[in-house]
Amino acid sequence: MIRANGVYLRYPDGTEALKDINLHIKPGEIVYITGPSGSGKTSLLKLLLGMEFATLGSLEVMGMPMVKGKTASINKLRRKIGPVFQEFKLIDGRTAFENVMMGMRFLGMPPRKMKDEAKNALIKVGLEEKMASKVENLSWGQQQRVAIARAIARKPALILADEPTGNLDQENAMNILKILHNVKDINTTVLITTHATHLLDGIEDANFLHVDNGSIRVEGKGW
Ligand SMILES: Nc1ncnc2c1ncn2[C@@H]1O[C@H](COP(=O)(O)OP(=O)(O)OP(=O)(O)O)[C@@H](O)[C@H]1O
Ligand SMILES: [Mg+2]
């Protein structure tokens, strides 16, 4: 699913955000990426999404080499990825349902199926009753769940979630992690970055990567 060999990422201003990253993540795995602020977690997800490119080394996502200039292939790859990034905001003035539908726009799904999938995803995240609510009227935690519904409705092979529990209380954060865990049932690979390591204590069926100053230290089981 994901293979990285000696990947470095240096931003134009000279910041070495990632150094010698080596990874092999298999389909269906759940991987938590922890590490201090500025350690490189978001940068790693951006490489996987083709929003940034390795300065050195090689990276493959679902068999595709992530190299600059292959815009068409990367766009195609992105159809198989469900991103949950803070910067991909929900669209105000539209309902939760409409936001989830918009996430499926370019997948070529028949409209009827799109509607069913959108509805199912919102049920999965516990927002059945808020489908017709405008997103700006939802609580922060509910908005996070709409963002997750938008990602899972696409039935992606890979979910990349950047701090999906950010700014949530413990109960809501646990709830989000549970939802993300459950998508494993459809053999989706899930990568989740988080500061909230205290939430990860009881988690059994996941792998853990710790990023420190751009380098990865592998922790936990599975590797
Ligand atoms: N576009 C950019 N240009 C230059 N430097 C950047 C850019 N984006 C990130 N960085 C730097 O790269 C390093 C890693 O940043 P990154 O956002 O990946 O960290 P992070 O682990 O996600 O942090 P946080 O937990 O605060 O979200 C930091 O030193 C950051 O300042
Ligand atoms: Mg980050």
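Since the model is a prediction, treat every value here as computed from it, not as a measurement. (Residues numbered from 1 in each chain as written. Chains lettered and ligands numbered in written order. Predicted model: local features only at pLDDT ≥ 70, side-chain atom pairs only at ≥ 80, totals over all residues.)

Observations concerning the nonpolar core
- Residues V100, L122, I148, A149, I159 and L180 are the most contacted members of the largest nonpolar core, which totals 57 residues.
- With 7 residues, the top contributor of residues to this core is helix α5 (residues 140–153).
- Both domains that furnish three or more residues to this core are identified here as domain 1 (1–80 + 157–223) and domain 2 (88–155).
- With near-sequence residues (within four places) excluded, A149 lies in contact with V100, A121, L122, K124, V125 and L127. (Core = buried A, V, L, I, M, F, W, Y, C linked by C-beta atoms within 7 Å. Buried ≥ 20, exposed ≤ 12 C-beta atoms within 10 Å, placed from the backbone. Helix = DSSP H or I, 4+ residues; strand = E, 2+ residues; numbered from the N terminus. Domains from an automatic or database assignment. Contact = placed C-beta atoms within 7 Å.)

Details of the domain arrangement of the protein
- Parsing the protein into structural domains produces domain 1 (1–80 + 157–223) and domain 2 (88–155).
- Taking only C-alpha atoms into account, the centre of domain 1 sits 23 Å from that of domain 2.
- Between domain 1 and domain 2, the contact holds 11 residues from the first and 12 residues from the second.
- Broken down by element, the side of domain 1 that touches domain 2 gets its largest block of residues, 4 residues, from helix α6 (residues 170–182).
- In the side of domain 1 that touches domain 2, the residues fall into 8 nonpolar, 2 polar and 1 charged. (Nonpolar A, V, L, I, M, F, W, Y, C, P; charged D, E, K, R; others polar.)

So, the packing of α5 against α6
- Orientation of α5 relative to α6, taken along the N-to-C sense of each, is 10 degrees, at an axis distance of 11 Å. In terms of orientation, α5 and α6 fall into the roughly parallel class. Residues G141, Q144, R145 and I148 of α5 form the contact with α6, whose own contacting residues are N172, I176, I179 and L180. (Axes fitted to C-alpha atoms, helices over the stretch in contact; angles between N-to-C directions. Parallel < 35°, antiparallel > 145°, perpendicular 65-115°, else oblique.)

Thoughts on the confidence of the model for the protein
- Per-residue confidence for the protein gives a mean pLDDT of 91; residues scoring 70 or more make up 97%.
- Across the protein, the element-wise mean pLDDT spans from 82 in strand β10 (residues 215–219) up to 98 in strand β4 (residues 56–61). (pLDDT = per-residue confidence, 0-100.)

Brief notes about the sheet that holds β4
- The strand order across the open sheet formed by 4 strands is β2-β1-β4-β5, and the pairing between neighbours is antiparallel. The sheet terminates laterally at β2 (16–25) and β5 (64–65), the two strands that pair on one side only.
- Here 5 bridges tie strand β1 (residues 2–10) to β4, and the two strands are oriented antiparallel to one another. By the bridge assignment for β4, I2 is matched with V61.
- The strands touched by helix α1 (residues 41–48) within the sheet are β1, β2 and β4, with β1 carrying the most contacts at an inclination of about 120 degrees. (Pairing = 2+ DSSP bridges.)

Observations regarding the site of ligand 1
- In the vicinity of ligand 1, the contacting residues are Y11, D13, T15, A17, G35, S37, G38, S39, G40, K41, T42 and S43.
- Top contributing element to the shell around ligand 1 by residue count: α1, with 3 residues.
- Looking at the shell around ligand 1, its residues break down into 2 nonpolar, 8 polar and 2 charged. (Near = placed C-beta within 6 Å.)

Some details on helix α4 (residues 111–124)
- Taking 1.5 Å per residue as the helical rise, α4 with its 14 residues ought to reach 20 Å, and the 20 Å between its terminal C-alpha atoms agrees with that figure.
- Taken together, the buried positions of α4 are occupied by E117, A118, A121 and L122. Seen from one end, α4 has its buried residues packed into an arc of 130 degrees, which puts them on one side. What points out from α4, more than 90 degrees from its buried face, is the exposed set R112 and K113.
- Among the structural elements, α3 (96–102) and α5 are those in contact with the buried residues of α4.
- Backbone geometry just downstream of α4 places G126 in the positive-phi region, at approximately 75 degrees. (Expected span 1.5 Å × (residues − 1). Arc of directions from axis to C-beta.)

What to know about the environment of M104
- The residue M104 is located in the loop between α3 and α4 in this model.
- The spatial distance from the C-alpha of M104 to the C-alpha of R79 is 8.8 Å, given a sequence separation of 25 residues.
- Apart from the residues within four sequence positions on either side, M104 is in contact with M109, M114, E117, A118, A153 and R154.

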